[in-house]
Structures are given as structure tokens and as C-alpha cells.
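Spelled out from the first residue to the last, the chains are:
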Amino acid sequence: DERRRLIEQDVWKAPPPPPPASAELLAALVGAALFPQVAYVEAPPSAKSGAPCPAPMVKLLVRQNQQQEGCSDAPEPAKASVHPSSVAAKIGGAAWHPKWPYAAFHERVLSTKVYARDVTPVPPLALPLLCGSAAELVDQDPGASSHKGGDHK
């Protein structure tokens, strides 16, 4: 009856459950899973007041697929809007930058304009850590209003 004695002394209790995953970790894993469908978030402040831009003004700079579009050079990223059905469509400019400069998306669609559907914010270090050498990030000039030359391939 050694087993019964150990059970009564709480020696054989199951270990406690692991803590829940953080939102940042889940977003990083989604970004890695959807890679290379990752875009740079452009959320420029208002020119007059300097206030963060509203949610409809947030744009995603999406790298175009070179094979499908017949490009031999790396073209400038194409702009896309966050699809209205995406939860991220309600996130304004203040919430995106600087904490979430990238977004992963499921697909790019064209209706009245180019949209990215199923958009999820991605932490900046998720791409180089989880995607390895395939993710090449280039710092943006702090004075620039758009993403110039930064690879998010």
C-alpha cells in the first residue's frame, strides 16, 4: 500500500497546467505559418494634427508575387487595404505602430480595390526568429512616410 500512501500525501498529483499562451506568441506563430504572406503596415499620422490615422486609412504594403506577375525585378510593394470583414479593419494607426509594424494575411483579393483578408498583426521580431533567413527585414528611415526598399519577402 505504498502507492495509496503516496497518493494520500499528494506526491502523485498531476503537474499544474501550463500557463496560457500570450497574444504576442500566438500572433507570431500565425505570422510564421502564413509567411511569406506578410505585409508592412503603413499608418501615417495626420498631416495637419499629427494624430494617428483612423482605421480606414491604414494600408498594407504587400510584396507582389514575381512569378505570377511576370516580373524579373523585385517591384515596389503594392498597396492593399484591410478587408472590412477582418477584425483588424477596426484597428487604427495608433494601435499598429510601433508595436505591430507587420501583418500576416491569408489572401489578397480584388473587388472595388485590392484588399488583404484575414489580417493578423505580427510582432516585429517574429519574422526573423521564426522564419529564419527567408525573412529579410530592413529598417525604415524614421523621416520617411512610406516603406522604401524594405524586403519582406
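The structure displayed is predicted, hence computed values, not measured ones. (Residues numbered from 1 in each chain as written. Predicted model: local features only at pLDDT ≥ 70, side-chain atom pairs only at ≥ 80, totals over all residues. Heavy atoms only, no water.)

Draft legend 1. Layout of the overall build of the protein chain. Looking only at helices and strands, the protein chain has 4 helices and 7 strands in total. Taken across its 153 residues, the protein chain has 31% of its residues classed as buried. A separation of at least 24 residues holds for 54% of the contacts in the protein chain among residues at least 6 apart in sequence. With the model as given, the accessible surface of the protein chain reaches about 9800 Å², and the carbon-plus-sulfur share is 58%. (Helix = DSSP H or I, 4+ residues; strand = E, 2+ residues; numbered from the N terminus. Buried < 20%, exposed > 50% of the residue type's maximum accessible area, 1.4 Å probe, protein only. Contact = heavy atoms within 4.5 Å. Areas by Shrake-Rupley, 256 points an atom, 1.4 Å probe, with all protein chains shown as cover.)

Draft legend 2. Focus on the sheet that holds strand β3 (residues 78–82). With respect to topology, 7 strands assemble into an open sheet ordered β5-β6-β3-β2-β1-β4-β7, the strand pairing being mixed. At either margin of the open sheet sits one strand with a lone partner, and together these are β5 (107–110) and β7 (120–122). In this sheet, adjacent strand axes meet at a mean angle of 45° when their direction is disregarded. Pairing of strand β1 (residues 38–42) with strand β2 (residues 59–62), which is carried by 4 bridges, proceeds in the antiparallel orientation. Each bridged residue has a counterpart across the sheet, and for E42 the counterpart in β2 is K59. Running over the sheet, helix α2 (residues 23–34) touches β1, β4 (102–104) and β7 and is turned about 100° from β7. (Pairing = 2+ DSSP bridges. Axes fitted to C-alpha atoms, helices over the stretch in contact; angles between N-to-C directions.)

Draft legend 3. Just the pairing of β1, in detail. Across the 5 residues of β1, 5 count as buried, placing the element largely inside the fold. Sheet topology places β1 next to β4; 3 bridges connect them, and they run antiparallel. By the bridge assignment for β4, Y40 is matched with Y102.

Draft legend 4. Molecular detail of the nonpolar core. Membership of the largest hydrophobic core comes to 18 residues, with the highest contact counts inside it found for L60, W96 and V119. Looking at this core, the elements with two or more residues in it are β1, β2 and β3. Residue contacts for L60: discarding those within four places in its chain leaves A39, Y40, V41, A78, K79, A80, V82, A103, A116 and V119. Membership of the second largest hydrophobic core comes to 11 residues, among which are A28, F35, V38 and L127. (Core = buried A, V, L, I, M, F, W, Y, C linked by side-chain atoms within 4.5 Å.)

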